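Residue strings, one per chain:
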Amino acid sequence: MAVQIPDAVNTTQSDWRFCKQCHSLFFNGYQEKGICNGAPQVGGGHSAAGWDFYLLADTDNLR
Ligand SMILES: [Zn+2]
C-alpha cells in the first residue's frame, strides 16, 4: 500500500528514532542525545532502537 503524502509537504527530516529507554521519539541528528527520563543514570541521553523515522514538513506555511 502506497503512503499518501499531502501535496503541501516540501521537505523531510530523517534521524527521528524511538528511544528504547523512555519509549518516546527523539531527534538523533546531533551528537548530544538530550536528557532521557528512562536513562540508567540521571542526565543520560536517549538510546536509539529500531526504525529511522522521517518527519514531513511544509516550510512555506511557517507560523
Ligand atoms: Zn529516552
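Above this note sits the structure.
All of these numbers come straight from a predicted model, not from anything done at the bench.

Novice: An account of the coordination of the zinc ion is requested, with residue identities and associated values reported.
Specialist: Looking at the metal site, the zinc ion is ligated by Cys 19 (SG), Cys 22 (SG), Cys 36 (SG) and His 46 (ND1), spaced 2.1 to 2.4 Å from it. Around the zinc ion sit 4 donor atoms; with metal-centred angles ranging over 104 to 113°, the donor geometry is tetrahedral. Coordination of the zinc ion draws on donor residues from a single chain, spaced C-x2-C-x13-C-x9-H in sequence. Placement of the pair is Cys 36 in the loop between strand 2 (25-27) and strand 3 (48-57) and His 46 in the loop between strand 2 and strand 3, with a sequence separation of 10 residues. Side by side, Cys 36 and His 46 carry an identical accessibility label, which is buried.

Novice: Provide a residue-level description of the environment of Asn 37, including the pertinent values.
Specialist: Structurally, the position occupied by Asn 37 is in the loop between strand 2 and strand 3. Classification of Asn 37 as exposed rests on a relative accessible area of 80%. In this structure, the C-alpha to C-alpha distance between Asn 37 and Ser 47, residues 10 residues apart in sequence, is 11 Å.

Novice: Describe the pairing of strand 1 (residues 11-19), naming the residues involved and giving the relevant values.
Specialist: The side chains of a regular strand alternate between the sheet's two faces. Where strand 1 lies against strand 3, 7 bridges are found, and the strand directions are antiparallel. Residue Trp 16 lies in a different strand from strand 3, and its bridge partner there is Phe 53. Direction of pairing for strand 1 relative to strand 2: antiparallel, over a ladder of 3 bridges. Each residue of the ladder has a partner; that of Arg 17, found in strand 2, is Phe 26. In sequence, strand 1 turns back onto strand 2 through a hairpin of 5 residues, with His 23 there showing a positive phi of about 60°.

Novice: Give a detailed account of unusual backbone geometry, specifying residues and quantitative values.
Specialist: Located in the positive-phi region is Asp 15, a residue other than glycine, with phi close to 75°. Here Asp 15 shows up in strand 1. With phi around 60°, His 23 is a residue other than glycine that occupies positive phi space. Mapped onto the elements of the fold, His 23 is located in the loop between strand 1 and strand 2. For His 23, a relative accessible area of 56% corresponds to the exposed category.

Calculation criteria
- Along every chain, residues carry numbers that run from 1 in the direction the sequence is written.
- pLDDT decides what is reported in this predicted model: residues at 70 or higher carry local features, side-chain atom pairs at 80 or more are listed and counted, and totals for whole chains, interfaces and linings draw on all residues regardless.
- Heavy atoms from the whole structure form the basis of all side-chain values; hydrogens and water molecules are not counted.
- The donor set comprises N, O and S atoms within 2.8 Å of the metal, extended to 3.2 Å for Na, K and Ca; water molecules are omitted, so apparent gaps in a site may simply reflect that omission.
- Just to be clear on the cut-offs, tetrahedral is four donors with all angles between 85 and 135 degrees, square planar is four donors and octahedral six with opposite donors over 155 degrees apart and all others between 65 and 115, and anything else goes down as irregular.
- Put simply, DSSP H or I for four residues or longer makes a helix, DSSP E for two residues or longer makes a strand, and each gets a number counted from the N terminus.
- A simple rule labels every residue: compare its accessible area, found with a 1.4 Å probe on the protein chains alone, to the largest value its type can have, and call it buried under 20%, exposed over 50%, or partly exposed in between.
- At least two bridges found by DSSP between two strands are what make those strands a pair.

So yeah, pure geometry; function would need other evidence.
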